[in-house]
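Observations on the three-dimensional arrangement
Listed below are the residues making up each chain.
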Amino acid sequence: MNSAEPQSKTLEMRIDPSRATTLNSNLSTILSRMQSVSAQRSVRLVAVSKLKPVNDILALHHGPHNHLHFGENYQQELLQKSLLLPREIRWHFIGALQTNKCKPLAEQIPNLWCVESVDTSKKADQLEKGRAALIEKEKEYEGIPLRVFVQVNTSGEEEKSGVEPGDAAALCKYVKEQCPHLKLQGLMTIGAIARSKATKEGQENEDFICLREVRDRVAQELGIEKEELELSMGMSEDFESAIMCGSNQVRVGSTIFGQRPAKKDARLKEEVEDGQT
Ligand SMILES: *Cc1c(COP(=O)(O)O)cnc(C)c1O
């Protein structure tokens, strides 16, 4: 992979100034709302950019906050975006993982900062192989592990991926002991959106409580401090209550970027007319 290439493509990319203003002001609003509930703890914001064009990502990355953390759900889309955008961006893969696609995901994207949706030891193994293969080719990544979150199905909904709460410790242990090129960063949940909407102000969301309890139990079983394991929970609708329940990382999409298009209508790159930069 030619590392000079994405940079030159970036320079050609035009950003609509009024769109950039809107996006950066949305980002500022989220950051201050986060701050007002986080009681001095630092909480990471992952801007979920799935189905949104690379111009939007660049507008935030080159904006006043120099935002670094972006989340994507679809593997092909992430790969294409990573080739067009600067290497300092820290990509989070937060979508459903297929076991046979895990190795290429970890191998092809050097600035993949973490994978948040690990729910089987087979997937962990394939990510491990992919990261090892990447390091073979790009020696500057030697000693830098790929972070992973174990996804937990806290809501018990059949269609949601994630391990059962009771199986989280075993998978965490597996990653920690069997995957030297991975780093266990913490636990992630999506939770039931309906439940989030039903939770009244001042009431705690059951999914967030559950993930926190799973984290405490996992830390105990692994013999580590619970602070060593982060909680990735909270999205547009519920990030403030997630932070109040102890979240270390929220994943916010539509409140920053607006409603997402249907997958078939999504465009990788927005053409912006000349003279608008
Ligand atoms: C899409 C998505 C988000 C962001 O959702 P919004 O409601 O748009 O903030 C967060 N986490 C995961 C896993 C997602 O798939």
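As named in an unreviewed UniProt entry, the protein is Pyridoxal phosphate homeostasis protein, taken from Stereocaulon virgatum. Under the UniProt heading Sequence similarities (unreviewed entry), the entry covering the protein gives this text: "Belongs to the pyridoxal phosphate-binding protein YggS/PROSC family." Regarding the protein, the UniProt comment filed under Function (unreviewed entry) reads as follows: "Pyridoxal 5'-phosphate (PLP)-binding protein, which may be involved in intracellular homeostatic regulation of pyridoxal 5'-phosphate (PLP), the active form of vitamin B6."

Of the volumes computed, that of the largest pocket is approximately 520 Å³. Residue lining of the largest pocket: 23 residues in total, with Lys 50, Ile 190, Ile 193, Met 235 and Arg 260 positioned closest to the centre. Class assignment for the residues of the lining of the largest pocket results in nine nonpolar, seven polar and seven charged.

When a protein is soluble and globular, its nonpolar side chains tend to lie buried together. Ranked by size, the top nonpolar core spans 67 residues in total, and within it Trp 91, Leu 105, Leu 112, Val 115, Leu 127, Val 218 and Ile 256 carry the most contacts. Here this core takes eight residues from helix α9 (residues 206-222), the largest share from any one element. Once residues within four sequence positions are removed from consideration, Val 115 is found in contact with Phe 93, Leu 97, Leu 105, Leu 127, Leu 146, Arg 147, Val 148 and Phe 149.

Our next topic: the pairing of strand β4 (residues 112-118). Taking burial as the measure, the seven residues of β4 include seven buried ones, the bulk of the element. In terms of strand pairing, strand β3 (residues 90-93) meets β4 through three bridges, oriented parallel. Within β4, the residue paired with Trp 91 across the bridge is Leu 112. At this point the chain moves from β3, through helix α5 (residues 99-108), to the parallel β4, and the crossover so formed is right-handed. Across three bridges, the pairing between β4 and strand β5 (residues 146-151) is parallel. Looking at the pairing, Cys 114 lines up with Arg 147 of β5. A crossover links β4 with its parallel partner β5, the connecting element being helix α6 (residues 121-137), and its sense is right-handed.

Reading guide: rules and limits
Residues numbered from 1 in each chain as written. Predicted model: local features only at pLDDT ≥ 70, side-chain atom pairs only at ≥ 80, totals over all residues. Heavy atoms only, no water. UniProt positions renumbered as here; feature names shortened; annotations may be inferred. 1 Å grid on protein atoms, 1.4 Å probe; cavity = no way out; pocket = protein on both sides within 12 Å on 5 of 7 lines; lining within 4 Å. Points joined across faces, edges and corners; volume = space filled by probe spheres on them. Nonpolar A, V, L, I, M, F, W, Y, C, P; charged D, E, K, R; others polar. Core = buried A, V, L, I, M, F, W, Y, C linked by side-chain atoms within 4.5 Å. Buried < 20%, exposed > 50% of the residue type's maximum accessible area, 1.4 Å probe, protein only. Helix = DSSP H or I, 4+ residues; strand = E, 2+ residues; numbered from the N terminus. Contact = heavy atoms within 4.5 Å. Pairing = 2+ DSSP bridges. Right-handed = clockwise from strand over helix to strand, strands pointing away.

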